[in-house]
Structure formats: structure tokens, C-alpha cells
Amino acid sequence: MSSRKKFIAGNWKMNKTSADGVTLVHDIVLAVGKQSDVEVVVCPPFTAIESVAKAVEGSEVKLGAQNMHFEASGAFTGEVSAPMLRALFATHVILGHSERRTIFGETDELVNKKVLAALKNQLRPIFCVGETLAERESGATLKVVQTQVERGLAGVGKDQAAGLILAYEPVWAIGTGKVATTEQAQEVHAFIRGLLTNLFSDLVAQKVRILYGGSMKPANAPELLAQKDIDGGLIGGASLEARSFVELVTAAIAAK
Ligand code: 13P
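What comes next is a walk through the structure. (Residues numbered from 1 in each chain as written. Predicted model: local features only at pLDDT ≥ 70, side-chain atom pairs only at ≥ 80, totals over all residues. Heavy atoms only, no water.)

**Structural notes on the pairing of strand E5 (residues 124-129)**
Next up, step 1: The buried fraction of E5 amounts to five of the six residues, a majority that puts the element mostly inside the structure.
Next up, step 2: Relative to strand E6 (residues 165-168), E5 is paired through four bridges, and the arrangement is parallel. Bridge pairing links Phe-127 to Leu-166 in E6. (Buried < 20%, exposed > 50% of the residue type's maximum accessible area, 1.4 Å probe, protein only. Helix = DSSP H or I, 4+ residues; strand = E, 2+ residues; numbered from the N terminus. Pairing = 2+ DSSP bridges.)

**Quick look at the side chain of Ser-98**
Next up, step 1: Relative to the elements of secondary structure, Ser-98 occurs in helix H4 (residues 98-103).
Next up, step 2: Discounting residues that sit within four places of it in the chain, Ser-98 has contacts with Ile-103, Val-171 and Ile-174. (Contact = heavy atoms within 4.5 Å.)

**Brief notes about the packing of aromatic side chains**
Next up, step 1: In total, this model carries one aromatic pair according to the counting rule given.
Next up, step 2: The residue whose ring lies beneath Arg-100 is Phe-104, and the NZ or CZ to ring-centre distance is 4.1 Å. (Phe/Tyr/Trp six-rings, centres within 6.5 Å; stacked < 30°, edge-to-face > 60°. Lys NZ or Arg CZ within 6 Å of the ring centre and 35° of its normal.)

**Description of helix H5 (residues 108-120)**
Next up, step 1: In this model, H5 (13 residues) spans 18 Å end to end at C-alpha, consistent with the 18 Å of a helix rising 1.5 Å per residue.
Next up, step 2: Residues of H5 that are buried: Asp-108, Val-111, Asn-112, Lys-114, Val-115, Ala-117, Ala-118 and Leu-119.
Next up, step 3: As for H5, its buried residues are in contact with helix H3 (82-87), strand E4 (92-95), H4, E5, helix H7 (141-152) and helix H8 (158-161).
Next up, step 4: Note on H5: the residue one or two positions beyond its end, Gln-122, has a positive phi of about 60°. (Expected span 1.5 Å × (residues − 1).)

**Quick notes on the site of the ligand**
Next up, step 1: Residues in contact with the ligand, as listed here, are Asn-11, Lys-13, His-97, Glu-169, Ala-173, Ile-174, Gly-175, Gly-214, Ser-215, Leu-234, Gly-236 and Gly-237.
Next up, step 2: Contacts to the ligand include Gly-175, whose backbone N or O atom sits 2.6 Å from an oxygen atom.
Next up, step 3: With respect to the ligand, the backbone of Gly-237 contributes an N or O atom lying 2.8 Å from an oxygen atom.
Next up, step 4: Contact with the protein chains removes 96% of the 310 Å² of surface that the ligand exposes when unbound.
Next up, step 5: Taken together, the residues of the shell around the ligand break down into three nonpolar, seven polar and two charged. (Near = heavy atom within 4 Å. Polar contact = N/O pair within 3.5 Å; in protein donor to acceptor, adjacent residues only side chain to side chain. Areas by Shrake-Rupley, 256 points an atom, 1.4 Å probe, with all protein chains shown as cover. Nonpolar A, V, L, I, M, F, W, Y, C, P; charged D, E, K, R; others polar.)

**Quick word on unusual backbone geometry**
Next up, step 1: Positive phi outside glycine occurs at Phe-89, with the angle close to 70°.
Next up, step 2: Along the chain, Phe-89 turns up in the loop between H3 and E4.
Next up, step 3: A positive phi angle, close to 55°, is found at Ser-215, a residue other than glycine.
Next up, step 4: Here Ser-215 is to be found in the loop between strand E7 (209-212) and helix H11 (221-225).

**Topic: the pattern of salt bridges**
Next up, step 1: Summed over the entire model, instances satisfying the criterion amount to twelve salt bridges.
Next up, step 2: In this structure, Lys-114 and Glu-106 form a salt bridge, with 2.9 Å as the shortest nitrogen-oxygen distance. Both residues of the pair, Lys-114 and Glu-106, count as buried.
Next up, step 3: Put simply, Arg-4, Arg-193, Lys-228, Asp-229 and Asp-231 are held in one network by salt bridges that share partners. (Salt bridge = Lys/Arg side-chain N within 4 Å of Asp/Glu carboxyl O.)

Now the structure itself:
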């Protein structure tokens, strides 16, 4: 039990056409679109953002993007900016996801520029960190997470920091069916909250939601969500079907 409102976000990754996204979100809105006990955000691919924005209008379900460029406009072929996302009524943006870091070579410095640009444009970053299997096995988890948090949040003001959302996603648990044990996840979440105290203040650290991501499913969610420092989930695979996503929101309502 904590004063932080639980938060469930669906990261659809590169899935769903615009039409399929509308069908999915329609069912989500019907099931949990009126409740406000848990914050619910869906993050479709760019091509579905506008249609999904219309489908969530008037409900409590919010809209996020999966990435953005740090500049507002310019010669950046293939990119989209924070003001463009704001114009489509997006309120959140996932930044620093491990797939962006490993497949697309995003560095802590680049992610940091994006975090600062998102905050400047009133978009709430869902800022992701997490270690690889090799890093965990060599005992480097906390060091890796510390570096990602400190570099990714460099220059964020104390007044802006409470609006951040962090996501701990152990890379070895993403899309693998291997979920971190509740002890492993809680240890890193508590560690991240300690880092936020050092970087900002205890007050800020107590306000920031820290989500778990990596093979979160209705079956394992209740135990994870019961942990003191786990404030919700960033869901990949299980966010692609209304039934499992809604079950996760329901689990978060029960855990609040
Ligand atoms: P899975 O839930 O498919 O493991 O994905 C987690 C994730 O990467 C969410 O951002």
C-alpha cells in the first residue's frame, strides 16, 4: 500500500495497424476507461497514434508514444518530435527502452537529451533502465542501473522530477517469459528510489512511480504489484490483447 497511484502502460512495440489498434483500445476503454484508481496508458506505434487518440477521447485511458527525437523540428528523416506528439494529445513517451538502446544504438547521452526535451514539452517520460543477462550474472546490475539513471536524468530539475515515470526492465526478462523474481525486482526498485532521493529529494523519490517490465502477465502481476516499490507495469506482449491487459489493470486496482 502506498500513496502513489498505480500505473499500467501497454507498449505495443511494432504491432497493430491503425485499425487493429482502434479495435484493441475500444475494448480496453469499455472495460477500464471510466475508472481512475489506476493510471492506464497505451503506447501504439506512431501510425496508430491519431486514431487511438480519437478512440480514447472522453475516457480515462491516456496515450503515449514509444520514442521521439529531442529536437522540435528539422532535417531528421524518419523522426517525430515532442510537439508533434503533443499535437495528437499524447501525454507520455517511452524513452530509453532497451530495444532502442541495443538495436538502434541509443546511448545514455541521447536518451538524456530526449528526457529533457520531453519534460520541456510537457510530455511525461517513461524512462527505462535495466541490465542484460551478462551484467546480472557478473554482479553488475546495480552499477549498470545507477549509471543509466544518473546519466539519463542529468540536468532534470527538482521541480520537474516528480513528473517522471521510471521503468525497470531487466533485458533478460523482456519477451522471454522469464520474469524477475519479486525479490530481484523489489531490490532494484528500492535501489532506484534511493538514487532518486540522492539526485532530487526524498519527497520526489516518494512521488515517482517505478514500473516493472519484462514478461509481466496476469499470473505473475499480483505478487509483483504487492511489492513496496513496484508501482505498476510496462507491458509488452500481454498488452496486445484486451483481455490480458484489462486483467493487469484489474490486478493493479486490487493492489492499490
Ligand atoms: P514483454 O512484456 O513482452 O516482456 O515486454 C516488456 C517490455 O519491453 C515493455 O516495454
